[in-house]
Amino acid sequence: MNALAAGLRMCLSCRTVCQADAAGRESVRCPRCGAAVHPRKADSLARTWAYLIAAAIMYIPANLLPVMRTSSLFGTSEDTIISGVAYFWASGSPGLAILIFTVSVVIPMAKMGALACLATWARRPSGMDAHALGRLHSGVELVGRWSMLDVFVVALMAGMVQFKSLATVEAGPGAAAFGAVVVLSMLAANSFDPRLLWDNHGRPDDAR
Amino acid sequence: MTSVAEAGLAACPECDELHIRRVLHPGERARCARCGTTLYRRPRRRPDQMLAIVTAALIAFVLANTFPILVLRAQGIVNEATLLGSVAALWSAGQEPVAAMVFVTAWLFPVFDLLAMFLLLLAIQTGSRPALFAPLLRTLQAMRPWGMIEVLMLGVLVSLIKLSKMADVLPGVALYAFIALTVLLAVILSYDLRALWQPDQQRTAEA
Ligand SMILES: [Zn+2]
Ligand SMILES: [Zn+2]
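Residues numbered from 1 in each chain as written. Chains lettered and ligands numbered in written order. Predicted model: local features only at pLDDT ≥ 70, side-chain atom pairs only at ≥ 80, totals over all residues. Heavy atoms only, no water.

All names here are of chain B. Together, Ile59, Leu63, Phe67 and Val173 make up an exposed nonpolar region whose accessible area comes to about 340 Å². With respect to the helices and strands, Leu63 occurs in helix H2 (residues 47-66). Look at Leu63 and you get partly exposed, because its relative accessible area is 35%. (Patch = residues over 30% accessible without salt bridge, like charges linked within 9 Å, V, L, I, M, F, W, Y side chains within 5 Å. Areas by Shrake-Rupley, 256 points an atom, 1.4 Å probe, with all protein chains shown as cover. Salt bridge = Lys/Arg side-chain N within 4 Å of Asp/Glu carboxyl O. Helix = DSSP H or I, 4+ residues; strand = E, 2+ residues; numbered from the N terminus. Buried < 20%, exposed > 50% of the residue type's maximum accessible area, 1.4 Å probe, protein only.)

Here it is, written out as structure tokens:
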């Protein structure tokens, strides 16, 4: 039996199981920690979509604009995320190229795609198994943060390589856009309520 | 408001299935019977042990931010960089959004996490429950996903490799402090914060 059907609500902050409001109001205050407790996250799907669409829009400048500008005696060069990966690949660090490609390209794309699927399937039956969807959701929450890697690398390089006339590294506008993609997609994953998947896809005999 | 029956219940955060709470042994976790998600854990370490780990992490944090992470040498010029120095350089170069993101995720939230943990554990240790306890613990819980020290650590290693192609790079004192901090934070983050809500239960179960 789920908590909602039993007239109970779980506080997402401290996980106390609270009694639903006797007057029939949507949210109650958690007696232990004081957080507002909703039966399901408020406007979960609308918020997920809003953050997700914003992230997808920012993903375009994040990939087209340079994330890093290197000036040296030999001139100025600009790197986008992809050209940075290509540079590592060509300069004999395939391991690093694969790492950066995974966290900067594969993870954000997979995360946005997975969230779009989850937000679609949460509302209508898809023939998908709630167990598989639930695992997809936990995976998405786990890996998203690692996409911040390239932003940190650019920030550290820009902070360190300041040799006035000799060589300087600057962060490009792509870095800010990419950081925004990571933040927005984390907000999207945060707004999504996985319990919606089970409300629509779970069967009562799902216990194993 | 909470009756005895509800205090003995746990609901799954992924699928909302209701379970009856059980007393666990240290290090044990309870999983949802329906979807397998972890419902609650009994921390392996006692609050006083955690307090020692948090204190060590705070010291590592101070060291990691006072000394240079990397020392760069090119054509006789030496450049030293700290994390906050990098943030300041980004800010003054007109990259305020990137500077703010790095500052918040790699400095502000981790330091808040450590200080909040320190105060909460201290309160539990002394058996007091100041008025700020609940709001602080709630804020800490909400901010946790946004602290990204372990991602920064990987970023430091990647920049080390990247820079070694352009100049002579020497690891600074702060690099070792960062490694220690990352390990200590991994231990701290694996501590289930929700156990802090019911320290009494923990104490009686230990007795
Ligand atoms: Zn609560
Ligand atoms: Zn479950």
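Here we take up the coordination of the zinc ion (ligand 1). All names here are of chain A. Those donors, Cys11 (SG), Cys14 (SG), Cys30 (SG) and Cys33 (SG), are the protein atoms that reach the zinc ion (ligand 1), and they lie 2.2 to 2.3 Å from it. Considering all four donor atoms around the zinc ion (ligand 1), the spread of angles at the metal, 103 to 115°, places the coordination shape in the tetrahedral class. Spacing between the donor residues of the zinc ion (ligand 1) along the chain follows C-x2-C-x15-C-x2-C. Of the two residues, Cys11 and Cys14, both sit in the buried class. (Donors = N, O, S within 2.8 Å, 3.2 Å for Na, K, Ca; no water. Tetrahedral: all angles 85-135°; square planar, octahedral: opposite > 155°, others 65-115°.)

Glancing now at the pairing of strand S5 (residues 68-72) of chain A. Residue and element names in this part refer to chain A. Bridging between S5 and strand S6 (residues 75-79) involves five bridges; their strand directions are antiparallel. The residue bridging Ser72 from the neighbouring strand is Gly75, located in S6. Between the antiparallel neighbours S5 and S6 lie two residues. Where S5 lies against strand S8 (residues 167-171), five bridges are found, and the strand directions are antiparallel. Considered in S8, the bridge of Met68 is made with Ala171. (Pairing = 2+ DSSP bridges.)

It is worth spelling out the nonpolar core at this point. Ranked by size, the top nonpolar core spans 111 residues in total, and within it Ile69(B), Val102(B), Met117(B), Leu152(B), Phe178(B), Leu181(B) and Ile188(B) carry the most contacts. When sequence neighbours within four positions are dropped, the list of residues in contact with Phe178(B) reads Ala64(B), Ile69(B), Leu83(B), Ile149(B), Leu152(B) and Met153(B). Residues Leu133(A), Ala10(B), Cys12(B) and Ala30(B) belong to the second largest nonpolar core, which totals 19 residues. (Core = buried A, V, L, I, M, F, W, Y, C linked by side-chain atoms within 4.5 Å. Contact = heavy atoms within 4.5 Å.)

Turning our eyes to something else, we now look at the environment of Ser13(A). With respect to the helices and strands, the residue Ser13(A) is situated in the loop between strand S1 (8-10) and strand S2 (17-19). Overall, Ser13(A) belongs to the buried group, its relative accessible area being 12%.

Here the focus is the coordination of the zinc ion (ligand 2). Residues and elements named next belong to chain B. Protein-derived coordination of the zinc ion (ligand 2) comes from Cys12 (SG), Cys15 (SG), Cys32 (SG) and Cys35 (SG), at a distance range of 2.2 to 2.3 Å. Considering all four donor atoms around the zinc ion (ligand 2), angles at the metal cover 103 to 115° and the coordination shape is tetrahedral. Along the chain, the residues donating to the zinc ion (ligand 2) fall in the pattern C-x2-C-x16-C-x2-C. With Cys12 in the loop between strand S1 (9-11) and strand S2 (18-20) and Cys35 in the loop between strand S3 (29-31) and strand S4 (38-41), this pair connects stretches of sequence that are 23 residues apart.

Attention now goes to the pattern of salt bridges. Throughout the structure, instances matching the rule amount to nine salt bridges over all chains. When the shortest N-O distance is used, the salt bridge between Arg145(A) and Glu150(B) registers 2.7 Å. One end of the pair, Arg145(A), is in the loop between helix H4 (130-143) and helix H5 (149-160); the other, Glu150(B), is in helix H6 (residues 149-163), on a second chain. By relative accessible area, Arg145(A) is classed as buried at 13%. Given a relative accessible area of 23%, Glu150(B) falls into the partly exposed group. The partner of Arg34(B) in a salt bridge is Glu17(B), and the shortest N-O contact between them spans 3.8 Å. A residue pair is termed long-range when its members are at least 10 positions apart, and Arg34(B) in the loop between S3 and S4 and Glu17(B) in the loop between S1 and S2 qualify at 17 residues.

Another aspect to go through is the domain arrangement of chain A. According to the domain assignment, chain A contains domain 1 (1-39) and domain 2 (43-201). Computed over C-alpha atoms only, the centres of domain 1 of chain A and domain 2 of chain A are separated by 34 Å. (Domains from an automatic or database assignment.)

Right, let's get into the domain arrangement of chain B. In terms of domain boundaries, chain B breaks down into domain 1 (1-42) and domain 2 (46-206). The gap between the C-alpha centroids of domain 1 of chain B and domain 2 of chain B is 30 Å.

Moving on, we come to the side chain of Asp79(A). Note on placement: Asp79(A) falls in strand S6. We note that Asp79(A) is buried and unpaired, the nearest opposite charge coming from Lys162(B) at a distance of 6.0 Å. Separated by 2.8 Å, the side chains of Asp79(A) and Ser83(A) make a polar contact. Residues contacting Asp79(A), with those up to four places away along its chain left out, are Pro66(A), Val67(A), Met68(A) and Gly84(A). (Lys, Arg positive; Asp, Glu negative; His and termini not counted. Polar contact = N/O pair within 3.5 Å; in protein donor to acceptor, adjacent residues only side chain to side chain.)

Once that is clear, we can look at the interface of chain A and chain B. In this assembly, 69 residues from chain A lie in contact with 61 residues from chain B. Roughly 6000 Å² of surface becomes buried between chain A and chain B when both sides are summed, with 67% attributable to carbon and sulfur atoms. Considering only the side of chain A, the residues that lose the most area to chain B are Arg15(A), Phe152(A) and Met160(A), jointly responsible for 13% of the buried surface there. On the surface where chain A and chain B come into contact, there are three salt bridges. Close ionic contact of Arg195(A) with Asp16(B) constitutes a salt bridge, the shortest N to O distance being 4.0 Å. (Buried area = accessible area lost by both parts, 1.4 Å probe.)

Residue and element names in this part refer to chain B. In this structure, Glu96 sits in helix H4 (residues 96-126). The exposure class of Glu96 is partly exposed, given its relative accessible area of 33%. Distance in space between the C-alpha atoms of Glu96 and Ala177 is 27 Å, their sequence separation being 81 residues. Apart from the residues within four sequence positions on either side, Glu96 is in contact with Leu90 and Trp91.

Attention shifts here to the sheet that holds strand S5 (residues 70-74) of chain B. Residue and element names in this part refer to chain B. With antiparallel pairing, the three strands of this open sheet are ordered in space as S6-S5-S7. Every interior strand has two partners, whereas the edge strands, strand S6 (77-81) and strand S7 (168-171), have only one. Going from strand to strand, the sheet's axes swing by 20° on average, the running direction of each strand aside. In this structure, S5 lies alongside S6, joined through five bridges in antiparallel fashion. Residue Val71 lies in a different strand from S6, and its bridge partner there is Glu80. (Axes fitted to C-alpha atoms, helices over the stretch in contact; angles between N-to-C directions.)

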